[in-house]
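Notes for the structure review
Single-letter residue listing:
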Amino acid sequence: MAATVILMTTAKTSIANMDTISTAIPEVCPELGIEVPVATIDSELRKLWEQDEARTNASLMNLVVFSEKPGALLENSAIIRELTREHSCRAILVEIDSAAEPSLRAWITAHCHLAEGRKSVCCEQISFYLTGRVTGRFRNTVFAHLNSDLPLVFWWQGELSDILTERLVSVMDRLVIDSSSWADPAASFTMIENCSQENSDLIIQDHAWTRSLQFRIGIASLFDDPAAQMALPSIHSVAITYHPDHRNTALQTLAWLAIQAGWKDLMSAAEFAFVSNSGVAITVTLTANPESAPLSLLILRGEGTDVRVTYQKGASHIQRQIESGAYKASSLSPADPTMPAELVALQLARGGKNSLYQKILPRFRAMLKS
Amino acid sequence: MPAFLAGTGAAGYRDFIKSPLDLALPRGGVDGNSATAMSNPFREDLVSRSPAEPCSIVIFGATGDLTHRKLVPALYNLAVDGELPTGVKIIGFARREKSDAEFREGLELLNRKVSRSGHDDKIWGNFIQSVTYHTSEFDDPAGYKSLAEKLAALDAERGGKGNRLFYIASAPEFFDVILIQLKNAGLNEAKPGCWSRVIVEKPFGTDLATAKHLNQVVNETFHEKDTYRIDHYLGKETAQNLMVLRFANAIFEPLWNSKYISHLQITCAENLGMEGGRGGYYDGAGALRDMVQNHLLQLLSLVAMEPPTDLTADGVRDEKVKVIRSLRQWDTPEKVAANVVRGQYTAGYIDGNPVPGYREEDRVSPESDTEAYVAVRLLIDTWRWSGVPFYIRMGKRLPKKSTEISVHFKDAPCVLFNALTGGVPGGNVLVIRIQPDEGISLRMVSKIPGTSLRLEPVKMDFHYATSFGKGSPEAYERLLLDAIAGDATLFARRDEVEEAWKFIDHIEHVWHQSNNPPPMAEFVAGSWGPREADHLLQQDGNQWRRL
């Protein structure tokens, strides 16, 4: 059994030199822990750990969660509480309200879980609520509270803004985004491209891509079957059904199929069409369905062989199927996560350089322009 | 600029840098006759392991405890994680008359109790459809003929393709006959483009002669590259992490030699005795053959081996076997007496409860001369380890259950702090905990805060469970998947097994066949072993680490 302890206090410390305190966050906010002056965060954290020697401070990374959505701090604190069950980190939550007068409030807390029912393992959380013009203040505030030597995972929620600067990106190890939430993905990717000129090691993790993971693993697994492999050169059609909000997931999956199978773009009247190495023309049917999960169907059809991965919205598993003549086989595998916290947890668990995403991204970006 | 953003047009998508892991290249042991690894373009980067292909798995000894408690739950959990290839069929082969339904019912009963991830009726329902039962005596050719027909029918469903994995989980006395019957039925031969593999459970022989015989039978039936001798210790997370610790971190390897290391200890402590009727088997085997020959020598070879030239199965196993081959042999009564201590426990207390002595245990002979405890000083005659003793101890009815490797570094030079009265309190010790509470700790010396100079040891501790909340898969899950994928890295090779038996046999011969065998030591159950084992280390100026 795991337990969660949120350290809390009723003491509130006002921030020096701040004329205006925003009222967007309550005066007392137990969900975020103890409100402290920014300058004393480190010493307050030390005091927090001294309160109980039985606790273990665990951290594998700095995880910054950034949002400009009102109320995001409280939502993200709940997400971090769950995330830290499997991913130890120093979490730094940031909510920005650029429209209000300049102010800065900070809270500290720890999320504690029982490890194997015995030891209390805790992860620190620092929350910042910044208002007014914040670009420089925000960056320096984050820089000042990173745990040294641990990687920085920066989870940017929502649309990009001018707060994402080259200077900020230069200290990131991973940038977590959700391109499905962007109104203009092509422009946003260009913005990231411009900001990351000096950080050649930056790893981008896109929720839109992660939403298709089990579909891709399913396809890969099915093509381990010799029957599917034999049919690969004869594939003549691809059908993908997706939710209208998740067209990026569908396009990224399509880009992945095309690149891995070596399909070239084919000039045709259709939006997308390919030709395989063996000269077979491949038609593509993309179907948006408001009742669908982000992805609900992916079928590859070849000569006498269907390879299919399906997912019923809300189900716990996806189904993999192959039909080749009389041969039929199917199996279940875990469904792709849908909640942002689950997607981040999965991305952190997989780690790596996400090089496949790097590989498909230029083709995907080209598709965005189609 | 990150590579992923280089070029936005279709022409630019090939212009990126691949790391070796990105390509999920087949690792060691992947058969040359299987083209799947190279021809499935969708595998890239999704799974950093060799691909696991659909196959038929035949488990011999299907009504046994191992099948019910370990193998089928492991396969089920692979299915839960989506790791079990679509189209895998499982056939339980055993002597007892049973229907498919009865077999499945028994498996479900145990799976509900022991499955790591719990029991999901929907996944189980799908998974169990692929499980059938085949009744036959192990020596009945007709049973194998009908098995072949069953497999051929499954192959026909797959369009004539048929990969087969035979898991021999029966009692050891049936290993020979099962292998011979498989050969007679032609089941050992794979069709072109397919594979046929065998997993053999321990014990792999009871001495060098029987191991050689079994190896001969196995290799007359299956190619060595298709033979997987399982040692579940190698499937444990920390055992796998040993190579990562040594070769993925730059700070340890320069210190990993006789210049800086004083000695190493490998401890495998059990607090259990002979409960559940295990005395019948154990009294015929003993601690040396039951644990040291396989598990502990495997751990020793991982901790002492040279860096392999690559991570292929044979690359790793080539280096492991050199360690075993370099062990100085204790081949005379004098050498055994000087370097090996065997013992039996007398009645005592474990966790406050009285427990009987070894010779009073269920199914143990009252005059037994089988060791329930063994401690061995090993010397590895290589440039790296010259003069560094390795101490291995394994015992039943010790105070607690624990398997650990500890690397004891030499003391700091006798100047500065070490020249002060009392010196430095203890040297640096790196501990690799295999089970339970997998993790790694490092002991170092620190100054006690205050105005005077006082030194105390402190410990940096890494716990898997703390840093990684997600639990590790069971060892059998990893090993079964590796066998399906054709990766033999975590399985023992023929020469490893035989070299290990060669070392063990010398000691066994002195104990049981010489005119002046060293005496059997005694210790009270619940203590840390016999005094003689303490003396073994004290002769070198060392002592057992307190666990």
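Criteria and thresholds
- Residues numbered from 1 in each chain as written.
- Chains lettered and ligands numbered in written order.
- Predicted model: local features only at pLDDT ≥ 70, side-chain atom pairs only at ≥ 80, totals over all residues.
- Helix = DSSP H or I, 4+ residues; strand = E, 2+ residues; numbered from the N terminus.
- Buried ≥ 20, exposed ≤ 12 C-beta atoms within 10 Å, placed from the backbone.
- Contact = placed C-beta atoms within 7 Å.
- Rg over C-alpha atoms; globule rule 2.2 N^0.38 Å.
- Domains from an automatic or database assignment.
- Pairing = 2+ DSSP bridges.
- Axes fitted to C-alpha atoms, helices over the stretch in contact; angles between N-to-C directions.
- Core = buried A, V, L, I, M, F, W, Y, C linked by C-beta atoms within 7 Å.
- Nonpolar A, V, L, I, M, F, W, Y, C, P; charged D, E, K, R; others polar.
- Parallel < 35°, antiparallel > 145°, perpendicular 65-115°, else oblique.
- Right-handed = clockwise from strand over helix to strand, strands pointing away.
- pLDDT = per-residue confidence, 0-100.

**Quick look at the overall build of chain A**
A count of helical and extended segments in chain A gives 11 helices and 17 strands. Each principal axis of the C-alpha distribution contributes one length, and for chain A these read about 70 × 45 × 35 Å. In chain A, which comprises 370 residues, the share counted as buried stands at 46%. Sequence separation of at least 24 residues holds for 72% of the intrachain contacts in chain A that already meet a minimum separation of 6.

**Details of the overall build of chain B**
Check the secondary structure of chain B and you find 16 helices and 17 strands. In terms of overall dimensions, chain B is globule-like: its C-alpha atoms have a radius of gyration of 25 Å, near the 24 Å expected for 547 residues. Here chain B holds 547 residues, and 46% of them are scored as buried. At a minimum sequence separation of 6, the contacts of chain B that also span at least 24 residues come to 75%.

**Description of the domain arrangement of chain A**
Partitioning chain A into domains gives domain 1 (30-207) and domain 2 (212-336). The gap between the C-alpha centroids of domain 1 of chain A and domain 2 of chain A is 36 Å.

**Some points on the sheet that holds strand 15 (residues 305-310) of chain A**
Residues and elements named next belong to chain A. What the eight strands build is an open sheet, ordered 11-12-13-10-14-15-16-17; its pairing is mixed. Two strands in the sheet have a free side with no partner beyond their single neighbour: strand 11 (264-265) and strand 17 (327-334). Two strands pair when backbone bridges link them, and strand 10 (residues 237-242) and strand 14 (residues 295-302) are joined in this way by six bridges, in the antiparallel orientation. The residue of strand 14 that forms the bridge with Ala239 is Ile299. Helix-sheet contacts for helix 9 (residues 247-261) involve strand 10, strand 12 (273-275), strand 13 (281-288) and strand 14, and the interaxial angle to strand 10 is about 160°.

**Focus: the nonpolar core**
The nonpolar side chains of soluble globular proteins are, as a tendency, buried together. Grouped together as the largest cluster of nonpolar side chains are 132 residues, with contacts concentrated most on Tyr167 and Val292 of chain B. Looking at this core element by element, the count peaks at 11 residues for helix 10 (residues 287-304) of chain B. For Val292 of chain B, the residues in contact, after removing those within four places along its chain, are Ala287, Leu297, Val374, Val376, Ile392, Met394 and Ile504 of chain B. Core analysis: the next-biggest nonpolar cluster, separate from the first, contains 103 residues, Ile92, Val121, Tyr129 and Leu164 of chain A among them.

**Some details on the environment of Gly87 of chain B**
On the secondary structure map, Gly87 of chain B appears in the loop between helix 2 (65-80) and strand 2 (89-94). Judged by the 29 C-beta atoms lying within 10 Å of it, Gly87 of chain B is buried.

**Structural notes on the pairing of strand 17 of chain A**
All names here are of chain A. Both strand 16 (residues 317-324) and strand 17 contribute to a ladder of eight bridges, which runs antiparallel. Paired with Arg320 across the strands is Ser331, a residue of strand 17. The antiparallel hairpin formed by strand 16 and strand 17 contains two residues in its connecting segment, where Gly325 sits at a positive phi of about 60°.

**Some details on the domain arrangement of chain B**
Residues and elements named next belong to chain B. The assigned domain composition of chain B is domain 1 (1-51), domain 2 (52-201) and domain 3 (234-538). A separation of 34 Å is found between the C-alpha centroids of domain 2 and domain 3. With 16 residues of domain 2 in contact, the opposing surface of domain 3 contributes 11 residues. Those elements that provide at least two residues to the side of domain 2 that touches domain 3 are helix 2 and strand 5 (196-200). A class-by-class count of the residues in the side of domain 2 that touches domain 3 yields 10 nonpolar, one polar and five charged.

**Notes on the packing of helix 2 of chain B against helix 14 (residues 475-485) of chain B**
Residues and elements named next belong to chain B. In contact at an axis separation of 8 Å, helix 2 and helix 14 are set at 75° when each is read in the N-to-C sense. Regarding the angle of helix 2 to helix 14, the classification is roughly perpendicular. Contact residues: helix 2 offers Lys70, Leu71, Ala74, Leu75, Asn77 and Leu78, while helix 14 offers Tyr476, Glu477, Leu480 and Leu481.

**With respect to helix 10 (residues 340-350) of chain A**
Among all positions in helix 10 of chain A, only Leu343, Val344, Ala345 and Gln347 of chain A are buried. Following helix 10 of chain A by one or two positions, Gly351 of chain A has its phi on the positive side, about 55°.

**Brief notes about the environment of Ile380 of chain B**
Residue and element names in this part refer to chain B. Take Ile380: it is sitting in the loop between strand 11 (373-379) and strand 12 (389-395). Residues Ile380 and Leu420, spaced 40 residues apart in sequence, show a C-alpha to C-alpha distance of 35 Å. Leaving out residues up to four positions away in the same chain, Ile380 has contacts with Ala304, Val323, Ser326, Leu327, Trp385 and Phe390.

**Side note on the sheet that holds strand 15 (residues 439-447) of chain B**
Residue and element names in this part refer to chain B. Overall, mixed pairing links the nine strands, which are arranged 16-15-14-13-7-12-11-8-17 in an open sheet. A strand with exactly one partner marks an edge of an open sheet, and here the two such strands are strand 16 (455-463) and strand 17 (521-524). Averaged over neighbouring strand pairs, the angle between their axes works out to 20° when direction is ignored. Two strands pair when backbone bridges link them, and strand 7 (residues 261-269) and strand 12 are joined in this way by six bridges, in the parallel orientation. Among the inter-strand pairings, Ile266 is bridged to a residue of strand 12, identified as Ile392. The sheet strands contacting helix 8 (residues 237-247) are strand 14 (429-435) and strand 15, and the helix crosses strand 14 at an angle near 145°. Packing of helix 10 onto the sheet brings it into contact with strand 7, strand 11, strand 12 and strand 13 (402-409), and relative to strand 12 it is tilted by some 140°.

**A short note on the pairing of strand 3 (residues 62-67) of chain A**
All names here are of chain A. Strand 3 sits mainly inside the fold: five of its six residues count as buried. Looking at chain direction, strand 3 and strand 4 (residues 90-97) are connected through six bridges and run parallel. Looking at strand 4, one finds that Val65 is bridged to Leu93. The parallel pair strand 3 and strand 4 is bridged by helix 2 (residues 72-83), and the resulting crossover is right-handed. Across five bridges, strand 3 lies against strand 7 (residues 152-156) in parallel orientation. What sits directly across from Val65, in strand 7, is Trp155.

**Remarks on unusual backbone geometry**
Pro203 of chain B follows Lys202 of chain B through a cis peptide bond whose omega is 5°. In this fold, Pro203 of chain B is placed in the loop between strand 5 and helix 7 (208-221). One non-glycine residue with positive phi stands out, namely Asn354 of chain A, at about 55°. Position of Asn354 of chain A among the secondary structure elements: in the loop between helix 10 and helix 11 (355-368). For Asn354 of chain A, a count of 21 C-beta atoms within 10 Å corresponds to the buried category. For Arg397 of chain B, which is not a glycine, the phi torsion comes out positive at approximately 55°. Tracing the backbone shows Arg397 of chain B in the loop between strand 12 and strand 13.

**A look at the environment of Glu137 of chain B**
All names here are of chain B. Following the sequence through the fold, Glu137 ends up in the loop between strand 3 (131-135) and helix 5 (141-157). As for Glu137 and Glu173, which are separated by 36 residues in sequence, their C-alpha atoms are 13 Å apart. When neighbours within four sequence positions are excluded, Glu137 is seen to be in contact with Arg95 and Gly143.

**Section: the confidence of the model for chain A**
Residue and element names in this part refer to chain A. Here chain A averages 85 in pLDDT, while 90% of its residues score no lower than 70. For chain A, the element scoring lowest by mean pLDDT is strand 2 (residues 56-57), at 70; strand 10 scores highest, at 97. In this model residues 1-23 is a low-confidence stretch, pLDDT under 50, and it forms 49 contacts with partners more than four residues away in sequence or in other chains.

**Some points on the confidence of the model for chain B**
Residues and elements named next belong to chain B. Model confidence for chain B is summarised by a mean pLDDT of 87, while 91% of its residues fall at 70 or above. In the model of chain B, helix 1 (residues 36-39) stands out as the element of lowest mean pLDDT, 51, in contrast to strand 11, which has the highest, 98. Counting interchain partners and residues more than four positions distant, the pLDDT-below-50 stretch residues 6-38 has 82 contacts. With pTM at 0.79, the complex prediction returns an ipTM value of 0.82.

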